[in-house]
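Observations on chain architecture
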Amino acid sequence: MARHPEDTLLEAYASGEIDSAYGVAVATHIQHCRQCAEKVALLEEQLASQLSQPQVELSSEQDAELVLENMLQDIMSLDVDYSSPRKRMPVKLSVNGKQFDVPSSLAPLVGRMGEWKSYGGKVFTSAIDIDETHRVSFLYITPGVKVPQHTHKGDESTLVLHGSFSDESGEYGVGDFVHENGETEHSPCTSEQQDCLCLSILTQPMVFTQGVARVFNMFGKGMYP
């Protein structure tokens, strides 16, 4: 697994301050990723420790640094057992005549899916109604497809659920959490032998930068998949 959520996103998840879309995405990622699961568990232990401690009035910046240092030492000394995670049954998702098992953490999203929309029978998207300010959807790409080169007005986060895809920065497989923004210009593609199912979260439309696909950028609006 090559790509993980940023620490700030894991912190928001541990504290319960994350929105529902990113919440289920992180929950699904940590089902595949021991490294991030351990980070989240330690953050939750830290928060629990903070809540259980009496409030103290710090007299100086030096006192604050000492408290933080002691807290970090407590976190590093925790003995947490990750050997037997609770097993949960996957849920089913069907697209283009195929059926996939997806993690149970995505069940609330599967229940809110819209109709699948097809682009030439090669790319399929289903928007998810969760009343968020950003666009959340399932994205299925058939084998041997190259998505036109584009950038982003805002943030794009992609969680790989099945198969793999690649772009100019590398290849991504199941469990990878890929974050892009306006500094990225890429053209995701699948191999001739491999399809890909993803969860996509966009805070703003994507903007095509090459070829005829730029017609979707009319009036500066860009396009959601």
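Residues numbered from 1 in each chain as written. Predicted model: local features only at pLDDT ≥ 70, side-chain atom pairs only at ≥ 80, totals over all residues. Heavy atoms only, no water.

You'll find the protein chain entered in an unreviewed UniProt entry as Anti-sigma-E factor ChrR, with Vibrio hippocampi given as the organism.

The next thing to look at is the overall build of the protein chain. A count of helices and strands for the protein chain gives 5 helices and 12 strands. The buried share of the protein chain, taken over its 225 residues, is 41%. Here the contacts in the protein chain between residues at least 6 apart in sequence split such that 60% fall between residues at least 24 apart. (Helix = DSSP H or I, 4+ residues; strand = E, 2+ residues; numbered from the N terminus. Buried < 20%, exposed > 50% of the residue type's maximum accessible area, 1.4 Å probe, protein only. Contact = heavy atoms within 4.5 Å.)

Here the focus is helix α1 (residues 7-15). Residues Leu9, Leu10, Ala12 and Ala14 constitute the buried set of α1. Two residues or fewer after α1 comes Gly16, characterised by a positive phi angle close to 80°.

Counted under the stated rule, the structure contains 4 salt bridges. Put simply, Glu38 and Arg34 hold a salt bridge, and the shortest N to O gap is 3.1 Å. Residue Glu38 and its partner Arg34 are located together in helix α3 (residues 34-52), separated by 4 residues, close to a single helical turn. Assessed through its relative accessible area of 27%, Glu38 is described here as partly exposed. For Asp101, the salt bridge goes to Lys92, with nearest N and O atoms at 2.6 Å. Overall, Asp101 belongs to the partly exposed group, its relative accessible area being 44%. (Salt bridge = Lys/Arg side-chain N within 4 Å of Asp/Glu carboxyl O.)

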